[in-house]
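# Descriptive analysis of the structure
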Amino acid sequence: MTTTLPGPQPKTSPRTAGGKPASADFVVVGGGVMGLHVAWRLAEKRAGSVVLFEQRRFGHGSSGKSGAILRQHYSHETLIKMARAGLAEYAELDASLLAATGTGIGFRRPGMLFLAHPRDRENLEGNVALQRSCGVVVDLLDAAGLRRLEPRARFEDLLVGAFEREAGFVDPGLTLPAIAAQARAAGATLFEGARVADVEVDEARRVQGVVLADGARVATRMLVNCGGPWAALLMQRLGLELPMRVVRPEQAFFAPPHDHGVEQRICADLPNGTYWKSEASGLTRVGLLSFAHDEPVDDPDDYDEGASGRFLADCRARLARRVPAYADATCWGGCGALYTVTPDAQALIGPVEGIEGLFVVSGFSGHGFKLGPSVGRGVAALLLGGDPAPLDPRFFSPRRFKEGRKNAAAYDYGVLG
């Protein structure tokens, strides 16, 4: 579908009774990591007025509970390059904010360890070779090398691993407001507590505007749906079905034993199906690598935000198999979060067939935070006629399933979100 963009308009416009602008060149729905990055980069281009509506608070959906792990360990060149650019941008944003205000975004670079079963050695080596060709600094390790790197853990003699030295993480609680501030400084207008209730289209199936829950109408010819768990619901109001579903992953938090100390590295343990990392609080976050058995969520406004005792016990047992000190670690409970997943665990980014002026950015399947900077720049370029690289429009095309294309799963040896 060809999208026709409106020409540049003044950034000031009449206001609705609710204080919203009466019109905008670009309306972004959703104030998670994707919506904020997209609004920032669109506004930066000075191509027209940009307005973002978030129904509650920035990060209310998936982004606020994210582990925000910034790793480049992928088996697709597109994703490696996007993650690499994102890692650099988060580091730069943290440094600039620290210099200007003394408060950054909680950026840390402890490195990340990936553990694989011996039968997956060939796949792991192939992925590492691809990552190195993209500039990623990563080491292949045998069991002896793993023990030297992490002497507190238990490694079987035939286990293989890869250590990505540059990998890190940020604090979503600091990062999302920082991105919002950048978007506002670039000229975007952002609203929290503003739910988009409906989308208006004309008889030719062209976007004409959005209607908010308070009744305010904002005219626009370009709507960017970054609604995460709510993205598909907005599409359904327009009679559209996209291959996205919402699931509820659980996460557990443990206090490291006093004589163990905080976790020095992020770890993805594929044989045990878990990942873990240290939080800013000092607690260790533990989650499962696969979302295959996560509960489906029909209504993201009403889902169980807790974690079951069975899940907490399972996480403790899995973690203790690798790091025995956690067998008696104090559990600080857990939480239920939201993933918006697609059949191939890759996002849908692009124009939506059937309605002109409708663009979707959703379905990141639990591994989107690191890609946010590249998505923001890439989407702005796609909408304004520039080069979206490293984002590849064909890789993320919402049409790919209808065309019989499906990107390979995140890994041949497991899903890592």
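In this text, all values refer to a predicted model and were calculated from it rather than measured experimentally. (Residues numbered from 1 in each chain as written. Predicted model: local features only at pLDDT ≥ 70, side-chain atom pairs only at ≥ 80, totals over all residues. Heavy atoms only, no water.)

## A few points about the sheet that holds strand β1 (residues 26-29)
Note the following rule: Pairing between strands is defined by DSSP: at least two bridges between them are needed. By definition, any uninterrupted DSSP run of H or I lasting at least four residues is a helix, any uninterrupted run of E lasting at least two residues is a strand, and each is numbered from the N terminus. Each axis is a line fitted through C-alpha atoms, and for a helix only the stretch in contact is used; angles between axes span 0 to 180 degrees, taken between their N-to-C directions. Residues count as neighbours in contact if any of their non-hydrogen atoms are within 4.5 Å of one another.
The six strands are arranged β8-β2-β1-β12-β22-β21 in an open sheet whose pairing can be described as mixed. Both edges of this open sheet fall to β8 (189-192) and β21 (348-351), since each of them pairs with a single strand only. On average, each strand axis in the sheet is inclined to that of its neighbour by 15°, with strand direction left out of account. Pairing between strand β2 (residues 50-54) and β8: four bridges, direction parallel. Residue pairing in the sheet places Glu-54 in a bridge with Glu-192 of β8. Contacts from helix α1 (residues 33-44) reach β1, β2, β8, β12 (223-225) and β22 (358-362), with the element oriented near 170° to β2. Running at roughly 165° to β22, helix α8 (residues 372-384) makes contact with β1, β12, β21 and β22 of the sheet.

## Digging into the state of the cysteines
Two cysteines whose sulfur atoms are joined by a covalent bond form what is called a disulfide. Definition in use: We call a pair of cysteine sulfur atoms a disulfide when they lie within 2.5 Å. Working definition: with a 1.4 Å probe on protein chains only, accessible area under 20% of the residue-type maximum means buried, over 50% means exposed, and in between means partly exposed.
Inspection of the entire model under this criterion finds zero disulfides. With no disulfide of its own, Cys-331 lies 8.6 Å from the sulfur of Cys-315, the closest cysteine sulfur. Its relative accessible area of 28% is what places Cys-331 among the partly exposed residues.

## Examining unusual backbone geometry
In this model, Ala-389 is joined to Pro-390 through a cis peptide bond whose omega is 10°. Within the element layout of this structure, Pro-390 appears in the loop between α8 and α9 (393-396). One non-glycine residue with positive phi stands out, namely Ala-68, at about 50°. Residue placement: Ala-68 occurs in the loop between β2 and β3 (69-70). According to the relative accessible area criterion, Ala-68 is buried, its value standing at 1%. Despite not being glycine, Ser-365 shows a phi value in the positive range, around 60°. You can see Ser-365 is positioned in the loop between β22 and α8.

## Some details on the confidence of the model for the chain
Test applied: The pLDDT score gives, residue by residue, the confidence of the prediction method on a 0 to 100 scale.
With 94% of its residues at a pLDDT of 70 or more, the chain has an overall mean of 92. Predicted confidence for residues 1-12 stays below pLDDT 50, and this span has 28 contacts to residues more than four positions away or in other chains. Low pLDDT, under 50, characterises residues 410-415; the stretch is placed with 21 contacts to residues that sit more than four places away or in other chains.

## Some points on the nonpolar core
Using the following cut-off: What is meant by a nonpolar core is a set of buried Ala, Val, Leu, Ile, Met, Phe, Trp, Tyr and Cys residues, joined one to another through side-chain atoms within 4.5 Å.
Residues Val-28, Leu-190, Val-224, Ile-349, Val-361 and Val-375 are the most contacted members of the largest nonpolar core, which totals 61 residues. No other element matches helix α2 (residues 77-101), which puts nine residues into this core. If you look at the next biggest cluster of nonpolar residues, it comprises 28 residues, including Phe-53, Leu-234, Met-244 and Leu-358.

## Details of the sheet that holds strand β11 (residues 217-219)
Spatial ordering of the open sheet is given by β9-β10-β11, a layout of three strands whose pairing is antiparallel. Of all strands in the sheet, those bounded by a partner on one side alone are β9 (196-201) and β11. Across the sheet, the axes of successive neighbouring strands diverge by a mean angle of 25°, strand direction being ignored. Taken together, the five bridges between β9 and strand β10 (residues 207-212) define a ladder with antiparallel strand orientation. Bridge assignment links Val-199 to a residue of β10, and that residue is Val-210.

## Structural notes on α1
Quick reminder of the rule: Here a helix's expected span is defined as the number of its residues, less one, multiplied by 1.5 Å.
The end-to-end C-alpha separation of α1 is 17 Å, in line with the 16 Å expected for twelve residues at 1.5 Å each. With eleven of twelve residues buried, α1 lies mostly within the body of the structure. For α1, every residue scored as buried is listed here: Val-33, Met-34, Gly-35, Leu-36, His-37, Val-38, Ala-39, Trp-40, Arg-41, Leu-42 and Ala-43. Backbone geometry just downstream of α1 places Arg-46 in the positive-phi region, at approximately 55°.

## Observations concerning α2
Helix length check: α2 (25 residues) gives 36 Å between terminal C-alpha atoms against 36 Å at 1.5 Å per residue, within 8%. Gly-102 occupies a position one or two residues after α2 and carries a positive phi of about 85°.

## Topic: the environment of Leu-149
By secondary structure assignment, the location of Leu-149 is in helix α4 (residues 143-149). On the accessibility criterion, Leu-149 (18% relative accessible area) is buried. Here Leu-149 is in contact with Leu-113, Leu-141, Phe-163 and Arg-265, once residues within four sequence places are set aside.

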